[in-house]
Amino acid sequence: MHVTRETVAGGRSGIAGPEFIPITEAVKDPSGYESWSRFCLEHLDLLLSKAAASGLRVPQRVMD
């Protein structure tokens, strides 16, 4: 995702200290994330391959 600023505002009370982190760090321990994020992290390879199969271009830096 391209953003103009990397500041993040949390709109939910259970989210403490929102920030952008590299995917490579996030997939190391998905247990600290809410269920939908954890599901995406645990199935990232499948999701990216489905995106590529449907014609979406995945930036290389996501995979690094």
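Structure: above.
Worth saying up front: this structure is predicted, and the values here are computed from it rather than measured.

Undergrad: I'm lost on the overall build of the protein chain in this one. Help?
TA: Assigned secondary structure in the protein chain consists of four helices and zero strands. Each helix and strand of the protein chain, ordered N terminal to C terminal, gives the series α-α-α-α. Put simply, the protein chain has 64 residues, and 11% of those count as buried. Carbon together with sulfur atoms contributes 56% to the accessible area of the protein chain, which is approximately 5600 Å² in total.

Undergrad: Just checking my understanding: could you explain helix H3 (residues 44-53) for this structure?
TA: Side chains that are three or four residues apart share a direction in an α-helix, a result of its 3.6 residues per turn. Considered for burial, the residues of H3 that qualify are Leu-44, Leu-48 and Ala-51. Around the axis of H3, the buried residues are gathered within 60° of arc, so they sit on the same side. Exposed positions of H3 whose direction lies more than 90 degrees from the buried face are Asp-45, Lys-50 and Ala-53. Where H3 terminates, the next one or two residues include Gly-55, which has phi positive at roughly 100°.

Undergrad: Sorry if this is basic, but what is going on with the environment of Ala-26 here?
TA: Looking at the element boundaries, Ala-26 is found in helix H1 (residues 23-26). Residues Ala-26 and Glu-42, spaced 16 residues apart in sequence, show a C-alpha to C-alpha distance of 9.9 Å. If we skip the residues at most four places from it in the chain, Ala-26 touches Ile-21, Tyr-33 and Leu-41.

Undergrad: Mind showing me how you'd approach the side chain of Ser-37 here?
TA: Assignment of secondary structure puts Ser-37 in helix H2 (residues 35-42). Within the structure, the side chain of Ser-37 is placed 2.4 Å from the side chain of Glu-34, a separation counted as a polar contact.

Conventions and cut-offs
Residues numbered from 1 in each chain as written. Predicted model: local features only at pLDDT ≥ 70, side-chain atom pairs only at ≥ 80, totals over all residues. Heavy atoms only, no water. Helix = DSSP H or I, 4+ residues; strand = E, 2+ residues; numbered from the N terminus. Buried < 20%, exposed > 50% of the residue type's maximum accessible area, 1.4 Å probe, protein only. Areas by Shrake-Rupley, 256 points an atom, 1.4 Å probe, with all protein chains shown as cover. Arc of directions from axis to C-beta. Contact = heavy atoms within 4.5 Å. Polar contact = N/O pair within 3.5 Å; in protein donor to acceptor, adjacent residues only side chain to side chain.

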